Amino acid sequence: MSDRDPFSEIERAFDMLGEQFGVDLGSIPVDVIDEGDAFVVHADLPGYDSADIDVQLVEDRKLTISASASEERETSDGHYVQRERREQSLSRSIPLPEAVDEAETTASYEDGVLTVRLGKVTSDSDDEGTDIPVN
């Protein structure tokens, strides 16, 4: 029998695959959809509460999403025998192909998926950054 931890071996294999294909497995996976009048961003953030998620629009052209656990998970009874679910903070910046209107931007979070709808604009405006509340 081997002394190697099978979970460590699997994690190392995923890290190598991520490096080979240029995918950061520690970042937030997103889909960006162009609906004509708006961009819709779907981001997978399972295990977070909406209060743990920060969404910001920067200069009408970049969406920044970050999430961090607000408190450590605790057991109701007993102690951990094995603990693999990590508390981690994630962040992702998504450049948008066109400027969007901050007034036409909404965000919602349901079943571990953040959905941000960003209405497009026809004129550019300068902005330092706008926080988008997550409902």
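Up top is the structure.
In short, a report on the structure. (Residues numbered from 1 in each chain as written. Predicted model: local features only at pLDDT ≥ 70, side-chain atom pairs only at ≥ 80, totals over all residues. Heavy atoms only, no water.)

Here we take up the nonpolar core. It is characteristic of soluble globular proteins that their nonpolar side chains tend to be buried jointly. The biggest cluster of nonpolar side chains holds 23 residues, and the ones touching the most others in it are Leu45, Ile53, Leu63, Ile65, Leu114 and Leu118. In contact with Leu118, not counting residues within four places along its chain, are Ala38, Phe39, Val41, Leu57, Leu63, Leu96, Val100, Glu104 and Thr105. (Core = buried A, V, L, I, M, F, W, Y, C linked by side-chain atoms within 4.5 Å. Buried < 20%, exposed > 50% of the residue type's maximum accessible area, 1.4 Å probe, protein only. Contact = heavy atoms within 4.5 Å.)

Turning next to the pattern of salt bridges. Inspection of the entire model under this criterion finds four salt bridges. Among the salt bridges present, the one from Asp34 reaches Lys120, with a minimum N-O distance of 2.8 Å. Linking Asp34 in strand β1 (residues 30-34) with Lys120 in strand β7 (residues 113-120), this pair joins segments that are 86 residues apart in sequence. By relative accessible area, Asp34 is classed as partly exposed at 45%. (Salt bridge = Lys/Arg side-chain N within 4 Å of Asp/Glu carboxyl O. Helix = DSSP H or I, 4+ residues; strand = E, 2+ residues; numbered from the N terminus.)

In this sheet, β7 lies alongside strand β2 (residues 38-44) in antiparallel orientation, the contact comprising seven bridges. Bridge pairing in β7 links Val40 to Arg117. Strand direction decides the pairing type here: strand β6 (residues 100-110) and β7, joined by seven bridges, are antiparallel. Opposite Tyr109, over in β7, you have Leu114 as the bridge partner. (Pairing = 2+ DSSP bridges.)

Worth remembering: the numbers are spatial, not functional.
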